[in-house]
Amino acid sequence: TEAAIMICAKKLGLAKDPRDEGTRLEETSFSSERKWMSVRFQALDEMPITYVKGAFEEVLGMCTTRSSLEDRRVPLQVGDKEDISREANKLGSSGLRVIAIASGHIQSQLNFEGLIGIIDPPRPEVPGSVETLLHGDIKIIMITGDSEATALSFATKVGLFHRGSENAMSGKQLELLTNADLQRKLEAGRTRVFYRASPIHKKKIVECLQAAGEIVAMTGDGINDAPALKLADVGIAMGKNGTDVSREASDIILLDDNFETILSAIEEGKCIFYNIKNFVRFQLSTSISALLLVALTTVFGLPNPLNAMQILWVNIVMDGPPAQTLGVEPVDHDVMLAPPRDPSEKIINRDTISKVLLNALIVTAGTLFVYLQQLSARSGVIELSKRGTTLTFTAFVFFSLFNALSCRSQSKSIFKIGLLANLPFLVAVGLSVVGQLLMIYFPPMQSIFQTEAISFFDLAAVTCLASTVWVCDEVRKAFASMDFSKLGRRSSSIDLKSRINF
């Protein structure tokens, strides 16, 4: 603000700096509560003068005179105050931050010098970020110390305020409300803008939102913002313009002071959560299918479908690169269109369990089908040939790889998210396939894993059969995406508790 005023003074031709010709006697720092600051200055051989700048309502209340066009001081009438307030609101409505300046020998009897409008436009990317967050049912509240006109102009520009359908509230109006009344207004969702607010008001808003069961993230940059930042579930401080105190009290520091960074952080957080679910789904479905395969053959007294070395290789596939690369699936920007999830929702919920069991049953059934086809009886003893072991082993590994492919997304087809979107995953699966082929066709590996070469037809047949776990999952996703009424009911039943408030 001070730098903008100095530039304004130079543009007006006031190149001479009066600070070089006098002494600063006293300074009253700006605070959110008083909304003004003052400096008492004494030039050489002159009486001390107090200079004040701040919110026009507060500064105007200290003034008893004004400067006329003839540069004379005349009494400040009621009509003059109305004209000044009207002009200040006009400047604020155009998006300018309005500052009043005054001076005088006695602080309670100042001379009104004029108004300064400082342009502080939102960054170009802010409206798009606000729209994305609102579509994702994330509630945004703007709390500012600016005037009503400036606050509403800014909020309208970024798409946060629509006249006629929403309300704004001043800090003084907020003070008159009890926490219960304020909580009801916030739950109604019609009040998104708070103007002429102080850090104490921020703290009160956070308390009411949390009492309503919301999860609150609060941004701040000043020393007085520290209590609200500390109280919020997620405190977000500014890295460039924030104070050390606010950064110490916060959980997150925005290095670029950019609102869009918060959107990216939410997007990344949602992506990490879904990637964890994808990883867990793959791990559980593959582990359960392996357990079922061995358990069923043991219960019925059948030969072991896999030997120890083959089981070791299966574990490498389950816990190795194919599984790990599910955790680096790129961000799906459509996650922001989904409503916030219930904070108490567990990763392994009913929906996840049903998907795990479905995939596990398909993998187990398909592998058992290959296994049972290869069983033979000699002298009343059921045996599994080396070829049968190889086919069963290959079927289970290929089933696992196709299962990993289906687990890349919980709800989207592989063709929508992009087959080549996750290159590390493709490399891991490719290396796993190469490793499996080496165990089948490379003699030294054949002796270790007790396998033998199979025909191309057998390999193609096993591959087609193993792909059924992926095909079935694609069909499930297709049906789920077409059932719009069911999706609507599910969305409305989610407890929308996650909120982001600024």
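Up top is the structure.
These numbers were taken from a predicted model, which means no experiment stands behind them. (Residues numbered from 1 in each chain as written. Predicted model: local features only at pLDDT ≥ 70, side-chain atom pairs only at ≥ 80, totals over all residues. Heavy atoms only, no water.)

A. Up close: the side chain of Ser129. Considering the arrangement of structural elements, one finds Ser129 in helix H4 (residues 126-135). Looking at Ser129, its side chain comes within polar contact range of the main-chain oxygen of Glu125, at 3.0 Å. With residues up to four places along the chain from it excluded, the contact list for Ser129 reads Phe259, Glu260 and Leu263. (Helix = DSSP H or I, 4+ residues; strand = E, 2+ residues; numbered from the N terminus. Polar contact = N/O pair within 3.5 Å; in protein donor to acceptor, adjacent residues only side chain to side chain. Contact = heavy atoms within 4.5 Å.)

B. A look at the sheet that holds strand S13 (residues 252-254). Spatial ordering of the open sheet is given by S11-S12-S13, a layout of 3 strands whose pairing is parallel. Only two strands of the sheet have a single partner each, and these edge strands are strand S11 (217-220) and S13. This sheet shows a mean twist of 25 degrees between the axes of neighbouring strands, independent of strand direction. Pairing geometry for S11 and strand S12 (residues 234-238), over 4 bridges, is parallel. From the neighbouring strand, Ala217 faces S12, where its bridge partner is Val234. (Pairing = 2+ DSSP bridges. Axes fitted to C-alpha atoms, helices over the stretch in contact; angles between N-to-C directions.)

C. Structural detail: the pattern of salt bridges. If you walk through the whole model with that rule in mind, you get 18 salt bridges. When the shortest N-O distance is used, the salt bridge between Arg66 and Asp80 registers 3.1 Å. Of this pair, Arg66 sits in strand S4 (residues 63-67) while Asp80 sits in helix H3 (residues 78-93), and the two are 14 residues apart along the sequence. Given the relative accessible area of 27%, Arg66 is considered partly exposed. Taking the shortest distance from any N to any O, the salt bridge between Asp473 and Arg281 comes out at 2.6 Å. Here the residue Asp473 occupies a position in helix H20 (residues 468-482), and Arg281 occupies one in helix H11 (residues 259-299), the gap between them amounting to 192 residues. In terms of burial, Asp473 and Arg281 fall into one category: buried. (Salt bridge = Lys/Arg side-chain N within 4 Å of Asp/Glu carboxyl O. Buried < 20%, exposed > 50% of the residue type's maximum accessible area, 1.4 Å probe, protein only.)

D. Region of the structure containing the nonpolar core. One finds Trp313, Val314, Phe393, Val397 and Phe398 to be the most contacted residues of the largest nonpolar core, which totals 40 residues. Secondary structure elements with two or more residues in this core: H11, helix H12 (308-319), helix H14 (350-373), helix H15 (386-406), helix H17 (423-441), helix H19 (456-466) and H20. Top contributing element to this core by residue count: H15, with 11 residues. Each residue touching Val314, except ones within four places of it in the same chain, is listed here: Leu306, Phe393, Phe396 and Val397. (Core = buried A, V, L, I, M, F, W, Y, C linked by side-chain atoms within 4.5 Å.)

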